[in-house]
Amino acid sequence: MSVYALWNNKGGVGKSYLTFQVACEYARTHPDQRVLIIDLCPQANSSSMLLGGMVNGEVVIEQLSGSSPAKTISGYINDRIMSPYVNPHSGSLYVSKVNDYNAYVPDNLYIICGDEELEMQSSQVQLACTAGPADSWRIVHTWIRDLIEDVRKSWDQREITVFLDCNPSFTIYTELAMSASDRLLIPFSADGSSKRAVRSVLSLVYGILRKPGQIQSEFYLNSQQYRMKLPMIYSYIGNRLTQMNNSSASAFKNVVMDIFNEVFKVWQNNPALFYVHPTGEPAPTSRQGFRRMFEEQINDANTASVVSGAMGIPICRLTAGQKSFAGRTVIVNQSQLEKQQPNIADFVSKIE
Ligand SMILES: Nc1ncnc2c1ncn2[C@@H]1O[C@H](COP(=O)(O)OP(=O)(O)O)[C@@H](O)[C@H]1O
Ligand SMILES: [Mg+2]
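Residues numbered from 1 in each chain as written. Chains lettered and ligands numbered in written order. Predicted model: local features only at pLDDT ≥ 70, side-chain atom pairs only at ≥ 80, totals over all residues.

(A) Representation of the packing of helix H7 (residues 143-155) against helix H8 (residues 172-180). Two elements in contact, H7 and H8, have axes separated by 7 Å at closest approach and are oriented at 55°. In this view, H7 runs oblique relative to H8, as classed from their interaxial angle. On H8, the residues that touch Trp-143, Ile-144, Arg-145 and Ile-148 of H7 are Leu-176, Ala-177, Ser-179 and Ala-180. Within the contact of H7 with H8, the residues separate by chemical class into 6 nonpolar, 1 polar and 1 charged. (Axes fitted to C-alpha atoms, helices over the stretch in contact; angles between N-to-C directions. Helix = DSSP H or I, 4+ residues; strand = E, 2+ residues; numbered from the N terminus. Parallel < 35°, antiparallel > 145°, perpendicular 65-115°, else oblique. Contact = placed C-beta atoms within 7 Å. Nonpolar A, V, L, I, M, F, W, Y, C, P; charged D, E, K, R; others polar.)

This is how it looks when you write it as structure tokens:
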């Protein structure tokens, strides 16, 4: 049980898709727990998949964001903009039970829905970081932790498992997500910009500089100043690597190796940034051991992934055959499902 953020400083690497798949599978395999997703991305892609997919999910998002106050992350952020430095303890008002809208997901899954309004609110959140008492920055960076705490209390649980879907860019919301999370999952794909993005994660969150004279991340400096916890790296996840396999096998392998070497170097110099998985095994001492513990790979499931997201059916529940959505009919093959279902199930089994 912990707070997991899915973040990489790049779009399209699978943050939202994996939030959807991983949260659903985690909830399915932990039926005695309640699982919370907080969608901190204004695009609300994971909310859309969770709440029923490209047709129904979008209708639900409109409905939740259109109510007054909005039953979304923006509703909560609005409370905090009104009362930045005094906790309103209103977080639990903004939770929706996902299964009320999408019968394909387990009934122990809850969401604070994403909202495009976040984009408009961000300048006010930024202002709140400097406008109040001396430690305004610190207080604002505990808003999402406060929200999680409100939900935990309202559920009367000692601990809850939370998944945070993040915006690709390092906006104020991504900062809030980093300050709220205990563990970081970093999806990446096999291209050059993904490599740069992984480096950015390491410098923006952990202050690991690449070259002399590089400007230090303000988030990192402030987190140090206020002694705020940073998330520990739990896994870095090569997503859809097989997609690149045929066209440019060697180039793709080089990029993946580069990313691996980059993260491995960080481990060698700062092992305390990584969360040793609770497998009973000791901290890895070799390259192979390191990769076994921290590296994941999720295959591309082609049409099956499209159908899963578009219909809001978690991949581990999706069956082969003809599927119709948004006026289209497509065929999901068993072989596509078999490419990804075991990856997701195996990865989730490693999440505490
Ligand atoms: N493993 C995968 N197999 C197939 N499609 C995937 C996979 N991961 C992500 N996708 C698709 O790739 C696109 C980008 O993923 P998304 O999760 O939206 O990225 P991000 O949130 O990082 O911007 C989406 O259309 C998503 O459905
Ligand atoms: Mg996304």
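(B) Just the environment of Val-205, in detail. Within the secondary structure, Val-205 is located in helix H9 (residues 192-206). C-beta crowding within 10 Å serves as the criterion here: with 26 such atoms nearby, Val-205 is assigned to the buried category. Residues Val-205 and Ile-259 lie 54 residues apart in sequence; the distance between their C-alpha atoms is 17 Å. If we ignore the near neighbours within four places in the chain, the residues touching Val-205 are Met-178, Phe-219, Tyr-220 and Leu-230. (Buried ≥ 20, exposed ≤ 12 C-beta atoms within 10 Å, placed from the backbone.)

(C) Broad picture of unusual backbone geometry. Between Ser-68 and Pro-69 the backbone carries a cis peptide bond, its omega angle lying at -5°. Structurally, the position occupied by Pro-69 is in the loop between helix H3 (53-66) and helix H4 (73-82). The phi dihedral of Asp-156 is positive, around 55°, even though this residue is not glycine. Among the structural elements, Asp-156 can be located in the loop between H7 and strand S5 (161-165). Phi angles above zero are rare outside glycine, and Arg-240 is one such case at about 60°. Within the secondary structure, Arg-240 sits in the loop between strand S7 (232-239) and helix H11 (241-245).

(D) Local environment of the pairing of strand S6 (residues 183-188). Extensive coverage of S6 is indicated by the burial of 5 of its 6 residues. Where strand S1 (residues 3-6) meets S6, 3 bridges bridge the pair, whose relative direction is parallel. Residue pairing in the sheet places Leu-6 in a bridge with Leu-185 of S6. In terms of strand pairing, S6 meets S7 through 6 bridges, oriented parallel. Within S7, the residue paired with Leu-184 across the bridge is Ile-233. (Pairing = 2+ DSSP bridges.)

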